[in-house]
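What follows is the residue order along each chain.
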Amino acid sequence: MNEILTPADVVAELNRLMQESQKGIVALYEAEIKVANLDVEHDRAVAMASLEATGTALDRQSTAKLACADKKLALDIAKAELNRVKAKLRAIDSAQVAVSVIGKQVEFHLRQS
């Protein structure tokens, strides 16, 4: 956020933040789709690995988990990316509120002048 001194600065900053927010909404959607796809992929891989494994139920489950560790890691990373997008959107929202407050202060000072 740049130094905001005039009403034009407030408007410019709010416009910039709204554009960032719109990009964030698209990024959030893409991250959610990625998590959903990786979740299905992981579940399918675990099920297939479990069916292909031999031994007791516990052995098959453990073998399937080990065989699909890379898919689980990819899923966990995608979830972390999703959480990061959500955090950035919250930060943008907070910045919009802060700029609005600054805008009211700028307006107040202009009226006092």
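Presented here is a report on the structure given in the accompanying data block. (Residues numbered from 1 in each chain as written. Predicted model: local features only at pLDDT ≥ 70, side-chain atom pairs only at ≥ 80, totals over all residues. Heavy atoms only, no water.)

1. Here we look at the overall build of the chain
Rules: Starting at the N terminus, helices and strands are each numbered in turn, a helix being any DSSP run of H or I of at least four residues and a strand any DSSP run of E of at least two. Here the globule rule reads 2.2 Å times residues to the power 0.38, and the radius of gyration is calculated from C-alpha atoms. Only protein chains enter the accessibility calculation, which uses a 1.4 Å probe; a residue is then buried when its area is under 20% of its type maximum, exposed when over 50%, and partly exposed in between. Between two residues, a contact is recorded if the distance between any of their heavy atoms is within 4.5 Å. In this tally, Lys and Arg are treated as positive and Asp and Glu as negative; His is ignored, and so are the chain termini. Throughout, a charge is located at the NZ atom of Lys, the CZ atom of Arg, the CG atom of Asp or the CD atom of Glu.
The secondary structure content of the chain amounts to 3 helices and 0 strands. Taking 113 residues into account, the globule formula puts the C-alpha radius of gyration at 13 Å, and the chain, at 24 Å, lies well above it. Seen through its C-alpha atoms, the chain measures out along the principal axes to roughly 85 × 20 × 15 Å. A buried classification covers 24% of the 113 residues belonging to the chain. Taking as baseline every contact in the chain between residues at least 6 positions apart, the subset at least 24 positions apart corresponds to 76%. Separation of charge centres in the chain, based on 15 positive and 16 negative side chains, amounts to 2 Å.

2. Things to note about the packing of helix 1 (residues 7-52) against helix 2 (residues 57-67)
Put simply, the rule is: Throughout, an axis means a line fitted to C-alpha atoms (over the contacting stretch in the case of helices), and angles, computed between N-to-C directions, take values from 0 to 180 degrees. Angle categories are assigned with fixed cut-offs, so that under 35 degrees is roughly parallel, over 145 is roughly antiparallel, 65 to 115 is roughly perpendicular, and the rest are oblique. In this scheme the crossing of two helices becomes right-handed for a clockwise turn of the near helix relative to the far one and left-handed for an anticlockwise turn of less than a right angle. As a working rule, the residues Ala, Val, Leu, Ile, Met, Phe, Trp, Tyr, Cys and Pro are called nonpolar, Asp, Glu, Lys and Arg charged, and the rest polar, with Gly in that last group.
Between helix 1 and helix 2, whose axes approach to 8 Å, the crossing angle comes to 135°. One element, helix 1, and the other, helix 2, form an angle in the oblique class. Helix-helix and strand crossings are classified by hand; for helix 1 and helix 2 the assignment is right-handed. Facing helix 1, whose interface residues are Val46, Ala49 and Ser50, helix 2 presents Arg60, Ala64 and Ala67. Taken together, the residues of the contact of helix 1 with helix 2 sort by class into 4 nonpolar, 1 polar and 1 charged.

3. What to know about the nonpolar core
Rules: Among buried residues, those of type Ala, Val, Leu, Ile, Met, Phe, Trp, Tyr and Cys that are joined through side-chain atoms within 4.5 Å constitute a nonpolar core.
Judged by nonpolar contacts, Leu28, Ala31, Val35, Leu38, Leu75, Ala78, Leu82, Val85 and Leu89 together constitute the single largest core of 9 residues. The set of elements that each furnish at least two residues to this core consists of helix 1 and helix 3 (69-112). Per-element accounting of this core gives the leading share, 5 residues, to helix 3. Those residues within four positions of leucine 89 in sequence are excluded, and the remaining contacts are Ser21, Gly24, Ile25 and Leu28. Counting 7 residues, the second-largest nonpolar core is a separate cluster that includes Val10, Ala95, Val99 and Val106.

4. Some words on the packing of helix 1 against helix 3
Their axes nearest at 8 Å, the elements helix 1 and helix 3 cross at an angle of 165°. Accordingly, the angle class assigned to the pair helix 1 and helix 3 is roughly antiparallel. Relative to helix 3, helix 1 is oriented so that their crossing is left-handed. Residues of the contact of helix 1 with helix 3, tallied by class, amount to 23 nonpolar, 6 polar and 11 charged.

5. What about helix 1?
Our working rule: The length a helix should cover is 1.5 Å for every residue beyond the first.
For helix 1, with 46 residues, the first-to-last C-alpha span of 67 Å sits near the 68 Å given by 1.5 Å per residue. All of the buried residues along helix 1 are Val10, Glu13, Leu17, Ser21, Gly24, Leu28, Ala31, Val35, Leu38, His42, Ala45 and Ala49. Of the surrounding secondary structure, the elements contacted by the buried residues of helix 1 are helix 2 and helix 3.

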